[in-house]
Amino acid sequence: MGGALGCSALFLCTQIVRRTFYSAYFKYKKYPPGPIGIPILGCFLSRWNLLNFYAFPTMMGKNYGPVSMYPNGPWYWSVMINDKKLIDKYSRMHAFMDRPLMWQQATMPGVPANFSAMNGHAMMDRRKLFQSTIIRMTDSRFFTEFVQKHIKQNILFPDIDDAIAHKNGKWNPWNASFCYTFNTVYGASFGPESILDPKDELYLEFKKITEDSMAGVLFLFMLTSLAPNYLAKKYSKDADGTQRKLRSILMQWIVKREKAQIKSDEPSYIDMMFESGLDRESIISDVLAAFQAGAHTTAASITMQLFMLAKHPGFKRKFTKN
Ligand code: HEM
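Everything numeric in this text was worked out from a predicted model, so none of it was measured.

## Notes on the nonpolar core
Side chains of nonpolar character tend, in soluble globular proteins, to be buried together.
For step 1, the next point in the chain: Cys179, Phe182, Val185, Tyr269, Ile270, Val287 and Ala295 are the most contacted members of the largest nonpolar core, which has 27 residues in total.
For step 2, the next point in the chain: When contributions to this core are tallied by element, the ones reaching two or more residues are helix H6 (120-139), helix H8 (174-190), helix H12 (242-260), helix H13 (269-275) and helix H14 (280-311).
For step 3, the next point in the chain: A total of nine residues in this core trace back to one element, the largest contributor, which is H8.
For step 4, the next point in the chain: Every residue in contact with Tyr269, bar those within four places of it in the chain, is listed here: Phe130, Thr133, Ile134, Ala188, Ser189 and Val287.

What follows is the structure in structure tokens.
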């Protein structure tokens, strides 16, 4: 307890000193929007907006210019770019291809890191593979129609019917949304023919692990700034076996797909990976990253949109009209 208080006090002091220094500095040297003061605490407390954590990104997006820098914890700086043209330009520059080593160090020993935790050409090649398959596929007309038809008939409508029949019409869209988004990423990775059942045991286990880890994701992000080395050590040990379990589920899906001899008409992510000569363990790392990054984020976003539409019927009318 004493240690935690000491660390917090030290952290606050470094930020106050930093803030004072930069305020004085910027008075004389003009520079693009500079440090915003105490990170994390400062962002919320400056507006007394502590309860509305999710307003933070919106606030950042609204209040910052095309390029801004802010201290990300006591040890690092972050550069935030709010302009698509600049993103396209900078993303080709070498300096913007370097990721914090921490993510690579947080990978379980003996398995390859996923591409978003790597640097240099190998990362660029694998990222291109991801972008050229998974994104193109989820945008394709066939895929949208196929998945949407399946989602409506087998996931959404039965879930709503169940809410009407057994829950007094009170529908919580979370499970259906998650299944929808998960199936989208799953289909784009393994081929649109490989759709999962909402009651599939492996799917439910994957969902539970993802939900549990996402529940602590904000704390995790805070640790990436405040205690990166501790975080890397903790995750590389994989003491609770999370990475091992997720990898094993992925492996079972890959084996199942191989046994079923599914050969997609569309070039699915996994087929393209095998064709590019990637080994199985690296493939699992990248597909796992896409599954984890792709399902929970979009499910949370859809659930929130449905909630807001239900809460503001006036907006719903305008939205439908447009
Ligand atoms: C509303 C939906 C989503 C949100 C809010 C979201 C948010 C993010 C954020 C904040 C990052 C980190 C970017 C950075 O490094 O600064 C990220 C990266 C990533 N996301 Fe998403 N994401 C969404 C949907 C998806 C989907 C659908 C997929 C997969 C199909 C996906 C796959 C990835 C991957 C692979 C990365 C790492 C990319 C890289 O390091 O180059 N995300 N996402």
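## Overview of the packing of H6 against H8
For step 1, the next point in the chain: At their nearest, the axes of H6 and H8 sit 9 Å apart, and the two run at 120 degrees to each other. Accordingly, the angle class assigned to the pair H6 and H8 is oblique. The two elements H6 and H8 cross, and the hand of that crossing is right-handed. On H8, the residues touching Ile134, Met137 and Thr138 of H6 are Thr184, Ala188 and Ser189.
For step 2, the next point in the chain: Residue classes in the contact of H6 with H8 are distributed as three nonpolar, three polar and no charged.

## Observations regarding the site of the ligand
For step 1, the next point in the chain: Close contacts around the ligand come from Ser116, Arg127, Phe130, Ile134, Val185, Ala289, Ala290, Ala293, Gly294, Thr297, Thr298 and Ser301, and that covers them all.
For step 2, the next point in the chain: Here the residues of the shell around the ligand sort into six nonpolar, five polar and one charged.

## A look at H14
For step 1, the next point in the chain: An ideal rise of 1.5 Å per residue puts 46 Å on 32 residues; H14 measures up with 46 Å between its terminal C-alpha atoms.
For step 2, the next point in the chain: Residues of H14 that are buried in the fold lie against H6, H8, helix H9 (201-215), H12 and H13.

## What to know about unusual backbone geometry
For step 1, the next point in the chain: Positive phi values are uncommon outside glycine, yet Asn168 reaches one of about 60 degrees.
For step 2, the next point in the chain: Looking at where Asn168 falls in the secondary structure, it is placed in the loop between helix H7 (141-166) and H8.
For step 3, the next point in the chain: By the C-beta count within 10 Å, which is 8 here, Asn168 ends up exposed.

## What about the environment of Ser213?
For step 1, the next point in the chain: In this structure, Ser213 sits in helix H9.
For step 2, the next point in the chain: In this structure, the C-alpha to C-alpha distance between Ser213 and Thr242, residues 29 residues apart in sequence, is 8.9 Å.

## Overview of the confidence of the model for the chain
For step 1, the next point in the chain: Put simply, the chain has an average pLDDT of 80, and 85% of its residues get 70 or more.
For step 2, the next point in the chain: Note that residues 42-47 has pLDDT below 50 and, in this model, seven contacts with residues that lie over four places away or in other chains.

The rules we used
- Residues numbered from 1 in each chain as written.
- Predicted model: local features only at pLDDT ≥ 70, side-chain atom pairs only at ≥ 80, totals over all residues.
- Core = buried A, V, L, I, M, F, W, Y, C linked by C-beta atoms within 7 Å.
- Buried ≥ 20, exposed ≤ 12 C-beta atoms within 10 Å, placed from the backbone.
- Helix = DSSP H or I, 4+ residues; strand = E, 2+ residues; numbered from the N terminus.
- Contact = placed C-beta atoms within 7 Å.
- Axes fitted to C-alpha atoms, helices over the stretch in contact; angles between N-to-C directions.
- Parallel < 35°, antiparallel > 145°, perpendicular 65-115°, else oblique.
- Left-handed = near helix turned anticlockwise from the far one by under 90°.
- Nonpolar A, V, L, I, M, F, W, Y, C, P; charged D, E, K, R; others polar.
- Near = placed C-beta within 6 Å.
- Expected span 1.5 Å × (residues − 1).
- pLDDT = per-residue confidence, 0-100.

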